[in-house]
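Chain and residue survey
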Amino acid sequence: MYKRQAFELTEKVAELHGRRPLVVVEMNLPSLTFYVDRVPERVYADGLEERLDRPDDPLLVFDRRDLDALPAALRGRVQIIGAAGKYVVCEVARGPDPEPAGA
């Protein structure tokens with residue numbers, strides 16, 4: 001059912017091929033490393049708030065279930081920019097009224 005999702009994700013979300021820091025949240029995703037040719041940083045939910053506070057504008061890759069399970073305050077700090085299968089790519093929410101992830 002979820003065959004080659006990392007490949008599909010990299011095809012649908014062109015930003016993954018850019019220079020922005022790449023962070024995988026709450027999971028291992030070795031196939032993503034293969035498709036983007038770099039090793040993403042890995043964080044867990046308990047360190048996510050601190051990671052979001054850094055000024056380097058990361059791309060965050062979540063399993064949709066993990067994103068949905070975040071506390072509302074953290075979900076409100078990220079916005080979805082693309083998805084494929086069970087994976088979702090987010091960025092730090094900017095502007096006055098961004099659409100929160102999972103809305």
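Look above for the structure.
Predicted model, so just to flag it, every value in this text is computed and none were measured.

A positive phi angle, close to 65°, is found at E26, a residue other than glycine. Turning to its location among the elements, E26 is positioned in the loop between β1 (22–25) and α2 (30–36). Assessed through its relative accessible area of 31%, E26 is described here as partly exposed. Of note, D57 is a non-glycine position whose phi angle comes to about 55°, a positive value. Looking at the element boundaries, D57 is found in the loop between α3 (45–52) and β3 (59–63).

With the rule as written, the count across this model stands at two aromatic pairs. Look at F34 and Y35: their rings are 5.1 Å apart centre to centre, the planes differ by 80°, and that puts the pair in the edge-to-face class. On the basis of relative accessible area, F34 is assigned to the exposed category, the value being 65%. An aromatic cluster is defined as three or more aromatic residues linked by ring pairs; in this entry it consists of F7, F34 and Y35.

Definitions and cut-offs
- Residues numbered from 1 in each chain as written.
- Predicted model: local features only at pLDDT ≥ 70, side-chain atom pairs only at ≥ 80, totals over all residues.
- Heavy atoms only, no water.
- Helix = DSSP H or I, 4+ residues; strand = E, 2+ residues; numbered from the N terminus.
- Buried < 20%, exposed > 50% of the residue type's maximum accessible area, 1.4 Å probe, protein only.
- Phe/Tyr/Trp six-rings, centres within 6.5 Å; stacked < 30°, edge-to-face > 60°.

Purely geometric stuff here, so don't read any function into it on its own.
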